[in-house]
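Understanding the architecture of this molecule
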Amino acid sequence: MKDFLIYYQHYSDAHEHWKFKLLRSILGWSAEGRFWALNNMIARSSSCVLNLNRKSIKAIVMSDLNMEEPEFDKFISILTKDCELIINLDGSITTETVRENVKEVMKQRERNHKRKNSQNNPSTVSDLANVFNMNAKKR
């Protein structure tokens, strides 16, 4: 089962939140764009946690954001400490937005997985009857 997101929701007025206003006051509008690009990378990472302790991953992220290491480290520090936009877990980062989204998506994926398995592996007479009825309707 996938443990990452290909889509996530966020509020259309997020740019009005104090966290983004502070980020823009410190680093300008481009920092907000970089934050959302970073958030997308987090969402696509395994378990929605981006491990910046791995030099190769950090190098790719810095390259994608067009940042040198000192600037990137400052950016991560501001996002974590000042703006509270990312959660830094000893060098592995995630965001509350992604965590909330993946929690809901994983619940849905688990329900779908259970439903699919119960359809493919009927365990009771009524389950077997349901599978038979579904197959009969397909004909």
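Up top you'll find the structure we're talking about.
Reading the values: the criteria
Residues numbered from 1 in each chain as written. Predicted model: local features only at pLDDT ≥ 70, side-chain atom pairs only at ≥ 80, totals over all residues. Heavy atoms only, no water. Helix = DSSP H or I, 4+ residues; strand = E, 2+ residues; numbered from the N terminus. Buried < 20%, exposed > 50% of the residue type's maximum accessible area, 1.4 Å probe, protein only. Contact = heavy atoms within 4.5 Å. Areas by Shrake-Rupley, 256 points an atom, 1.4 Å probe, with all protein chains shown as cover. Core = buried A, V, L, I, M, F, W, Y, C linked by side-chain atoms within 4.5 Å. Phe/Tyr/Trp six-rings, centres within 6.5 Å; stacked < 30°, edge-to-face > 60°. Lys NZ or Arg CZ within 6 Å of the ring centre and 35° of its normal.

1. Thoughts on the overall build of the protein chain
Within the protein chain one finds 6 helices and 3 strands. The linear arrangement of helices and strands in the protein chain, starting from the amino end, is α-α-β-α-α-β-β-α-α. Burial statistics for the protein chain: of 139 residues in total, 31% are counted as buried. Counted over contacts in the protein chain with a minimum sequence separation of 6, partners at least 24 positions apart contribute 63%. Surface summary for the protein chain: the accessible area is close to 9400 Å², and the carbon and sulfur share equals 51%.

2. Observations concerning the nonpolar core
Inside soluble globular proteins, nonpolar side chains tend to come together where they are buried. Counting 30 residues, the largest nonpolar core has Leu 23, Phe 35, Leu 38 and Phe 75 as the members making the most contacts within it. Residue assignment for this core shows that the elements contributing at least two residues are helix 1 (18-27), helix 2 (29-43), helix 3 (55-64), helix 4 (69-82) and helix 5 (96-120). Residue contributions to this core peak at 7 residues, all from helix 2. Setting aside its immediate chain neighbours within four residues, Phe 35 contacts Phe 20, Leu 23, Phe 75, Leu 79, Leu 85, Ile 86 and Thr 95.

3. As for the packing of aromatic side chains
In the structure shown here, the tally under the stated rule is 3 aromatic pairs. For the ring pair Phe 20 and Trp 36, a centre distance of 5.6 Å and an interplane angle of 15 degrees mean the geometry is stacked. Of this pair, Phe 20 sits in helix 1 while Trp 36 sits in helix 2, and the two are 16 residues apart along the sequence. Accessibility classification places Phe 20 together with Trp 36 in one group, the buried group. Summarising the aromatic geometry, the rings of Phe 35 and Trp 36 are spaced 4.9 Å apart at their centres and angled 75 degrees between planes, so their arrangement reads as edge-to-face. Of the two residues examined, Phe 35 and Trp 36, each falls in the buried class. Of the aromatic side chains, those joined through ring pairs into one cluster are Phe 20, Phe 35 and Trp 36. Sitting above the plane of the Trp 29 ring, Arg 24 keeps its charged end 4.1 Å from the centroid.

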